[in-house]
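Structural overview
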Amino acid sequence: MDSQMSVVNKTINYKVSRFIALFMFSLFAFTLANAEEKAKLFSKPKLSGYAILQYQYSGQHEAESNSFNLRMVRLSLDGRILGDFAYKLQGQINGNTSTLGDSPRLVDAYVEWQKLPFLKIKAGQFKRPFTFENPMNPIDQGFMGYGQNIMKLAGFNDRVGEHSSNGRDIGVQLQGDLLKTKAGRPLLHYQIGVFNGQGINTKDVDNQKDVIGGLWVMPVEGLRIGAFGWTGSYARKGDDGVKSLAKRRYAISGEYVVDDWTFRSEYIHSTGLGFSTVYNQSSDTKKDDVNYAAGDKADGFYALAIAPVIKKKLHVKARYDTYRPRAEWGTSKTYYEVGVDYIFVKNLQINLEYAFVNDRSLAHHNYSMIDTQVSFRF
């Protein structure tokens, strides 16, 4: 009976995702075909980028470390076509050239029709429309890294075993703002997309698509309250055929940004198994084995506050960040973080952070971390 229901669910998911994808691509093609002639086809492209330099100390028992690190360097090319279409190409460098996870790679390559604020159409490789924090620039995010739940459940170093994908995938998406006030501020935002489900720079494997969407309200200036959903699969092709693992996730998010103060919190819950190894980072012949020991449920929660000491110049901050890889407290890893940042000029800042870590999966649960990052944009 369970196997019959699984087949039915997969069939429904396939038909729904195929319909949405076909509809969005058709709509996108129609708008492109009917775009008005412009005197200038392409705007002057804009080259920009940023770099984050890092020093980190970890006092984990029998795994102490301290190192300088090039966290990442990114180069981005942005521009417009026919006035109504925006495009972006972005690459990242932050490690060696031997794996998908750390090698120089393309992270963004998309075009978006932006003529109508209530109906924008994006196609290519870009951020998955899941959570508030995922789309944020790493510098603007505010801490030494994204929350653990974002890293593990939004497509960065995902628990399913997907290669590091920076929260991105290949697909097509609709989004827009609705119900504007007299002053022109939108009260409602929606977004929904269909994706391969395999991460960046990778084709689909099981011919099933991920459907991801979000909806949030903005009742007052600076406040967002939202909910997100994600249904799909992650697959690998091995000696015994294609193995496809279901992904069912939801997130509840809230953020309030006002007068240089920031408050943000998100909870994510995930159902679905993962593979034992990370894709393309293991020579293990059993890399397509399912990791049943890790269970089929996980969740995580963070809450943070950033307060100005000198507005737009000096901030103090704190974050509570916990992740449960089996949705059980006995497996939880929690960071208690405090920090400070100083903005020298608009495009140059330094961050200093201390974290007390409680990792219940270790024999010695507690240890300290210190992280310093210098970031600049150009």
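See the structure printed just above.
Rules of the game
Residues numbered from 1 in each chain as written. Predicted model: local features only at pLDDT ≥ 70, side-chain atom pairs only at ≥ 80, totals over all residues. Heavy atoms only, no water. Patch = residues over 30% accessible without salt bridge, like charges linked within 9 Å, V, L, I, M, F, W, Y side chains within 5 Å. Areas by Shrake-Rupley, 256 points an atom, 1.4 Å probe, with all protein chains shown as cover. Salt bridge = Lys/Arg side-chain N within 4 Å of Asp/Glu carboxyl O. Helix = DSSP H or I, 4+ residues; strand = E, 2+ residues; numbered from the N terminus. Polar contact = N/O pair within 3.5 Å; in protein donor to acceptor, adjacent residues only side chain to side chain. Core = buried A, V, L, I, M, F, W, Y, C linked by side-chain atoms within 4.5 Å. Buried < 20%, exposed > 50% of the residue type's maximum accessible area, 1.4 Å probe, protein only. Phe/Tyr/Trp six-rings, centres within 6.5 Å; stacked < 30°, edge-to-face > 60°. Contact = heavy atoms within 4.5 Å. Pairing = 2+ DSSP bridges.

**Things to note about a nonpolar patch on the surface**
- Judged by side-chain polarity, Leu47, Leu53, Leu70, Leu75, Tyr342, Phe344, Val345, Leu348, Phe376 and Phe378 come together as a nonpolar surface patch covering roughly 890 Å² of accessible area.
- Looking at the nonpolar patch, the elements that each hand over two or more residues are strand S1 (46-58), strand S2 (65-81) and strand S14 (333-345).
- Element by element, the count of residues in the nonpolar patch is highest for S14, at three residues.
- With respect to the helices and strands, Tyr342 occurs in strand S14.

**Description of the side chain of His189**
- One can find His189 in strand S7 (residues 186-195).
- For His189, the side chain forms a polar contact with the main-chain oxygen of Gly176, separated by 3.2 Å.
- Here the side chain of His189 touches Asp177 through a polar contact of 2.7 Å, side chain to side chain.

**Description of the nonpolar core**
- By size, the foremost hydrophobic cluster in this structure holds 23 residues, and its most contacted members are Phe130, Ile150, Phe228 and Ile268.
- Contributions of two or more residues to this core are made by helix H3 (148-153), strand S8 (210-217), strand S9 (223-238) and strand S12 (297-310).
- In terms of residues, this core owes the most to one element, S12, which gives four residues.
- Residues Ile121, Val172, Leu174 and Tyr190 belong to the second largest nonpolar core, which totals nine residues.

**With respect to the packing of aromatic side chains**
- Counted according to the given criterion, the structure contains 17 aromatic pairs.
- Ring geometry for Tyr110 versus Phe126: centroids 5.9 Å apart, planes at 75°, classification edge-to-face. On the criterion of sequence distance, the pair formed by Tyr110 in strand S4 (residues 105-116) and Phe126 in strand S5 (residues 119-127) is long-range, its members being 16 residues apart.
- Given the relative accessible area of 0%, Phe126 is considered buried.

**Brief notes about the pattern of salt bridges**
- Evaluated as defined, the whole model comprises 17 salt bridges.
- The partner of Arg264 in a salt bridge is Glu255, and the shortest N-O contact between them spans 3.3 Å.
- Judged by its relative accessible area of 9%, Glu255 falls in the buried class.
- For Lys311, the salt bridge identified is with Asp259, shortest N-O distance 2.4 Å. Of the two residues, Lys311 sits in the loop between S12 and strand S13 (314-324) while Asp259 sits in the loop between strand S10 (241-258) and strand S11 (261-271), which places them 52 residues apart along the sequence.
- One network of salt bridges, with partners in common, ties together Glu133, Arg224, Glu255 and Arg264.

**Overview of the environment of Lys88**
- Looking at the element boundaries, Lys88 is found in strand S3 (residues 85-93).
- Taking the C-alpha atoms as reference, Lys88 lies 6.6 Å from Val111; in sequence the two are 23 residues apart.
- With near-sequence residues (within four places) excluded, Lys88 lies in contact with Ser76, Leu77, Asp78, Asp108, Ala109 and Tyr110.

**Focus: the pairing of S10**
- Relative to S10, S9 is paired through 16 bridges, and the arrangement is antiparallel. Counterpart to Thr231 in the pairing with S10 is Arg248.
- Hairpin remark: S9 followed by S10, antiparallel, with two residues in the connecting loop.
- Bridge count between S10 and S11: 11 bridges; the pairing is antiparallel. Bridging across to S11, Tyr250 finds its partner in His269.
- The loop that links S10 with its antiparallel partner S11 comprises two residues; one of these, Asp259, has a positive phi angle of about 50°.

**Notes on the environment of Phe126**
- Residues Phe126 and Tyr110 lie 16 residues apart in sequence; the distance between their C-alpha atoms is 6.6 Å.
- The contact partners of Phe126, leaving out residues within four places of it in the chain, are Asp108, Tyr110, Gly167, Arg168, Asp169, Gly171, Val172, Gln173 and Phe195.

**Focus: the side chain of Gln54**
- Checked against the element boundaries, Gln54 lands in strand S1.
- A polar contact is formed between the side chain of Gln54 and the side chain of Asp371, at a distance of 2.8 Å.
- Each residue touching Gln54, except ones within four places of it in the same chain, is listed here: Ser67, Phe68, Asn69, Arg71, Met144, Asp371, Thr372 and Gln373.

Without other data, these values stay purely geometric and don't point to any function.
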